[in-house]
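# Understanding the architecture of this molecule
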Amino acid sequence: MPLTFRKSFRILPWLRLNINKGSMSFTTGGKRGPRYTRSTSGRRTTSMDLPGPFGWRKTRTKKDD
């Protein structure tokens, strides 16, 4: 079983810093409405919880130019 590292810190009521082994990310929003996440690896994710067992997520990765 591989070991993983992940830690999350709430900086402000609407801002969270997530740290893991390979990158860091900032997440904003989330209580009511969408969450926006930006990662140092270039990934951008927009997600939203919907009523019941539903959820929505859209992820974009950085394109190499």
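Everything quoted here is computed from the prediction, not taken from an experiment.

What follows concerns the overall build of the chain. Broken down by element type, the chain carries zero helices and six strands. The linear arrangement of helices and strands in the chain, starting from the amino end, is β-β-β-β-β-β. If one aligns the C-alpha atoms of the chain with their principal axes, the spans along those axes are about 30 × 30 × 30 Å. Out of the 65 residues in the chain, the part that is buried amounts to 17%. Counting contacts in the chain only where the partners sit at least 6 residues apart, residues at least 24 apart contribute 0% of the total. On the chain, roughly 6000 Å² of surface is accessible, and the fraction owed to carbon and sulfur atoms is 55%.

A word on a nonpolar patch on the surface. Side chains of Phe9, Ile11, Leu12, Trp14, Met24 and Phe26 sit close together on the surface and give an oily, nonpolar patch of about 570 Å² of accessible area. Taken together, the elements giving at least two residues each to the nonpolar patch come down to β1 (6–12) and β3 (24–29). Per-element accounting of the nonpolar patch gives the leading share, three residues, to β1. Within the secondary structure, Phe9 sits in strand β1. For Phe9, a relative accessible area of 39% puts it in the partly exposed group.

Looking now at the sheet that holds strand β6 (residues 55–60). Taken together, the six strands give an open sheet; going across it, the order is β1-β2-β3-β4-β5-β6, and neighbouring strands pair in antiparallel fashion. In this open sheet, the two edge strands, each paired with only one partner strand, are β1 and β6. Ignoring strand direction, the axes of neighbouring strands in this sheet form an average angle of 20°.

Okay, the side chain of Thr37 next. For Thr37, the position within the fold is in strand β4 (residues 35–39). Relative accessible area serves as the criterion here: at 19%, Thr37 is assigned to the buried category. If near-sequence neighbours (up to four positions away) are discounted, Thr37 is found in contact with Ser25, Phe26, Thr27, Arg43, Arg44 and Thr45.

A few words now on the UniProt feature "domain: DUF4236" (unreviewed entry) in the chain. Residues annotated in UniProt with the feature "domain: DUF4236" (unreviewed entry) correspond here to residues 3–57. End-to-end, the C-alpha atoms of residues 3–57 are 26 Å apart, and along that stretch the chain is 0% helix and 60% strand.

Definitions and cut-offs
- Residues numbered from 1 in each chain as written.
- Predicted model: local features only at pLDDT ≥ 70, side-chain atom pairs only at ≥ 80, totals over all residues.
- Heavy atoms only, no water.
- Helix = DSSP H or I, 4+ residues; strand = E, 2+ residues; numbered from the N terminus.
- Buried < 20%, exposed > 50% of the residue type's maximum accessible area, 1.4 Å probe, protein only.
- Contact = heavy atoms within 4.5 Å.
- Areas by Shrake-Rupley, 256 points an atom, 1.4 Å probe, with all protein chains shown as cover.
- Patch = residues over 30% accessible without salt bridge, like charges linked within 9 Å, V, L, I, M, F, W, Y side chains within 5 Å.
- Salt bridge = Lys/Arg side-chain N within 4 Å of Asp/Glu carboxyl O.
- Pairing = 2+ DSSP bridges.
- Axes fitted to C-alpha atoms, helices over the stretch in contact; angles between N-to-C directions.
- UniProt positions renumbered as here; feature names shortened; annotations may be inferred.

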